[in-house]
Amino acid sequence: MKFFPKAVVQFVLFFGLTAILIAQDVKYIEYDTDLIAPSAYKARREKLMQQMGNDAVAVFYSAPERNRNNDIDYEYRQDDNFYYLTGFTEPNAILVLIPKGISVQSTQDTAKMVTVKEILFVQSRNPQFEQWTGRRYGAAGAIKLRGLEHAMTNQNFKTMLPVISSSVKAKTWYVPAFRPDFTGPIAQLVQPLRTMLDLSQPLNSTVERKDTTTEVKDPTPMVRKMRIIKSPEEIELLTKATKITALAHIQAMMSCEPGMTEYQIQGLYEYVFRTMGSEYAGYPCIVGAAENSVILHYNTNRRPLKDGELLLNDCAAEYHGYSSDVTRTFPVNGKFSKRQREIYQIVYDAQNAAIAMIKPGVKWREEVSAKADSVIKEGLFKLGLIKDKSGMEFRKFYMHGLGHAVGLDVHDVGQPVLEAGMLYTVEPGIYISEGMEGVNPEYYNIGVRIEDVVLVTPDGNKVLSADAPREMSAIEELMKKKGIGNQPLK
Ligand code: GLY
Ligand code: MN
Ligand code: MN
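Residues numbered from 1 in each chain as written. Chains lettered and ligands numbered in written order. Predicted model: local features only at pLDDT ≥ 70, side-chain atom pairs only at ≥ 80, totals over all residues. Heavy atoms only, no water.

**Student:** Break down the overall build of the protein chain for me, citing the residues and quoting the values.
**Tutor:** Counting its secondary structure elements, the protein chain contains 14 helices and 19 strands. Classification of the 490 residues of the protein chain by burial places 54% in the buried group. Within the structure as shown, the protein chain displays about 22100 Å² of accessible surface, and the carbon and sulfur contribution to it stands at 54%. For the protein chain, the distance from the average site of its 58 positive side-chain charges to the average site of its 58 negative ones is 3 Å. (Helix = DSSP H or I, 4+ residues; strand = E, 2+ residues; numbered from the N terminus. Buried < 20%, exposed > 50% of the residue type's maximum accessible area, 1.4 Å probe, protein only. Areas by Shrake-Rupley, 256 points an atom, 1.4 Å probe, with all protein chains shown as cover. Lys, Arg positive; Asp, Glu negative; His and termini not counted. Charge placed at Lys NZ, Arg CZ, Asp CG, Glu CD.)

**Student:** Report on unusual backbone geometry, specifying residues and quantitative values.
**Tutor:** Keep in mind that most residues, glycine aside, have a negative phi and that most peptide bonds are trans. At Lys169, a residue that is not glycine, the phi angle is positive and equals roughly 50 degrees. Among the secondary structure elements, Lys169 is positioned in the loop between helix H7 (157-168) and strand S7 (172-174). The backbone phi angle of Ala290 is positive, close to 45 degrees, even though this residue is not glycine. Note that Ala290 resides in the loop between strand S10 (286-289) and strand S11 (310-314).

**Student:** Residue-level account of the coordination of the manganese ion (ligand 2), with values.
**Tutor:** At 2.0 to 2.1 Å from the manganese ion (ligand 2) lie its protein donor atoms, namely Asp325 (OD), His404 (NE2), Glu427 (OE) and Glu451 (OE). Relative to the metal, the six donor atoms surrounding the manganese ion (ligand 2) lie at angles of 51 to 159 degrees, and the coordination shape comes out irregular. In primary-sequence terms, the residues that donate to the manganese ion (ligand 2) follow D-x78-H-x22-E-x23-E. Here the manganese ion (ligand 3) and the manganese ion (ligand 2) are spaced 3.3 Å from one another, each receiving a donor from Asp325. Of this pair, His404 sits in the loop between helix H13 (364-382) and strand S15 (423-426) while Glu427 is found in the loop between S15 and strand S16 (429-432), placing the two residues 23 residues apart along the sequence. (Donors = N, O, S within 2.8 Å, 3.2 Å for Na, K, Ca; no water. Tetrahedral: all angles 85-135°; square planar, octahedral: opposite > 155°, others 65-115°.)

**Student:** How would you explain the sheet that holds strand S18 (residues 452-457) if you had to name every residue and give the values?
**Tutor:** Read across the open sheet, the three strands follow the order S15-S18-S19; overall the sheet is antiparallel. Both outer strands of the open sheet, S15 and strand S19 (460-463), are each paired with one neighbouring strand and no more. For this sheet the average axis-to-axis angle between neighbouring strands, irrespective of direction, equals 35 degrees. Judged from the four bridges that link them, S18 and S19 form a sheet pairing that is antiparallel. Note on S19: the bridge partner recorded for Leu455 is Lys462. (Pairing = 2+ DSSP bridges. Axes fitted to C-alpha atoms, helices over the stretch in contact; angles between N-to-C directions.)

**Student:** Just give me the short version of the coordination of the manganese ion (ligand 3), but keep the residues and values in it.
**Tutor:** For the manganese ion (ligand 3), every protein donor is listed as Asp314 (OD), Asp314 (OD), Asp325 (OD) and Glu451 (OE), and the spread of their distances is 2.0 to 2.3 Å. Mapped onto the sequence, the residues coordinating the manganese ion (ligand 3) show the spacing D-x10-D-x125-E. The exposure class of Asp325 is buried, given its relative accessible area of 4%.

**Student:** Could you give me a rundown of the side chain of Asp452, with the residues and numbers involved?
**Tutor:** By the secondary structure assignment, Asp452 is in strand S18. A distance of 2.8 Å separates a polar atom in the side chain of Asp452 from a polar atom in the side chain of Gln351. In terms of polar contacts, Asp452 uses its side chain to reach the side chain of Ser465, at 2.7 Å. (Polar contact = N/O pair within 3.5 Å; in protein donor to acceptor, adjacent residues only side chain to side chain.)

**Student:** Could you give an account of the environment of Val406, naming the residues involved and the relevant values?
**Tutor:** Inspection of the secondary structure assignment puts Val406 in the loop between H13 and S15. In this structure the C-alpha to C-alpha distance between Val406 and Ile228, which are 178 residues apart in sequence, comes to 9.3 Å. Among residues more than four places away in sequence, those in contact with Val406 are Lys230, Leu238, Ser323, Asp325, Asp412, Leu423, Thr425 and Val453. (Contact = heavy atoms within 4.5 Å.)

**Student:** Go over the pattern of salt bridges with me, naming the residues and quoting the values.
**Tutor:** Applying the stated criterion to the full structure yields 35 salt bridges. The shortest N-O distance in the salt bridge between Arg77 and Glu318 comes to 2.9 Å. A residue pair is termed long-range when its members are at least 10 positions apart, and Arg77 in the loop between strand S3 (72-73) and helix H4 (80-86) and Glu318 in strand S12 (residues 317-319) qualify at 241 residues. A relative accessible area of 5% places Glu318 in the buried class. Note that Arg227 and Asp409 form a salt bridge whose closest N and O atoms lie 3.6 Å from each other. With Arg227 in the loop between helix H9 (220-226) and helix H10 (232-255) and Asp409 in the loop between H13 and S15, this pair connects stretches of sequence that are 182 residues apart. Overall, Arg227 belongs to the buried group, its relative accessible area being 2%. Assessed through its relative accessible area of 25%, Asp409 is described here as partly exposed. Where salt bridges share partners, they join Lys42, Arg45, Glu46, Lys117 and Glu118 into one cluster. (Salt bridge = Lys/Arg side-chain N within 4 Å of Asp/Glu carboxyl O.)

**Student:** Go over the pairing of strand S4 (residues 94-105), please, and point to the residues and values.
**Tutor:** S4 sits mainly inside the fold: ten of its twelve residues count as buried. As paired strands, strand S1 (residues 56-61) and S4 are joined by four bridges and run antiparallel to one another. Paired with Phe60 across the strands is Leu95, a residue of S4. Bridge count between S4 and strand S5 (residues 113-122): eight bridges; the pairing is antiparallel. Residue pairing across strands places Val104 opposite Val114, the latter belonging to S5.

Any functional reading would require information that these geometric values do not contain.
Rendered as structure tokens:
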């Protein structure tokens, strides 16, 4: 840890920041009216600071922008933990939490000093950039619209860091581990922190640092723990994401017919997501027919759909950062064949048995997952697809877990025992690839997964994706109707 001369610190505190504290207009417009309130984000930051204690500083940084090709970046998506603490969607931002507080010049009255416990460093307002790539919050917008106690432009991080360091003399600095893809402008902005803390290597518990008096810890586990139980506002957003998703699955069932392609079905999902206000798909749409239905995360989606085949669609919307995760499997021609029906019924029974068990206090792996496993084993055994139902032979056909938490991540933070306010997917599956040894060829290329989002409630559970039918007769009934996706565009 390098300390800076007191005179420098005093100068920066009292004079150096005046220019950037001059009040700016807020040009940014938040069009959505159902964003989680800034006060809820503030409460999360307060809760985290309580856990950190007074003798600590935490720094969180936004996700890097990622290049797609030449001068085009991938659509920007904020880092989960950064978003969880700020609701701030711009890149090149750094959040500093200082439980002890630090004295800074007031943004209201620059003649006054005020004590603040949080500073968000943000991209500066810049009319030229904003003309090309959109309005920016700026420091004033971060304070006014996102409810930060204090904000500055990100060029000031480098200057403020020694000020914070000298003023707080924290015993612990909480800094998230640096992923290998943490590159570009945000990495440059954060570099002074790495230099100051001697974090020349990626942060992990084995890094040896010159200064042993200052402890560096990863705050990620603390924030991830906070994310396990969802607040009512988060449940509302996940419910919206899931309702939108169910609507898209309904349209896919109604629209699907032989002669269409996997990508047309994907387009339909994405159309419904966007039309209903979802910003993104929570993960690339998995639309796989026949030999592709048995590939768990297939997403090439180029194959034509043929009569007699089964189509597996694992597609879900993300809404204001929160991702749903729902799969429906149905016959391309609207009618399950005998063999498809046999396999589907096993998966359906396993899913129902698992969902029926979900309530607070139940163990996910040992109770809920184990129940689904036993139903699948029994079903495969009865069909002669496995010879031994006591062992792991069934894993040839069902090679993934029963499910996972959903939230800001589609594979969100969970815990072994269920509690009210958790949302889990329940997604058993059976996948029979062509040429599997000892398997009747009539079962080849049948891949079935049924995936629903289940909210754990105080007295049991609620299936949030129930709008999308999953029972075979209900699917067949719905597929008799016309959807919006099979109308010719010309
Ligand atoms: N969509 C990915 C999964 O089901 O886990
Ligand atoms: Mn899933
Ligand atoms: Mn899924």
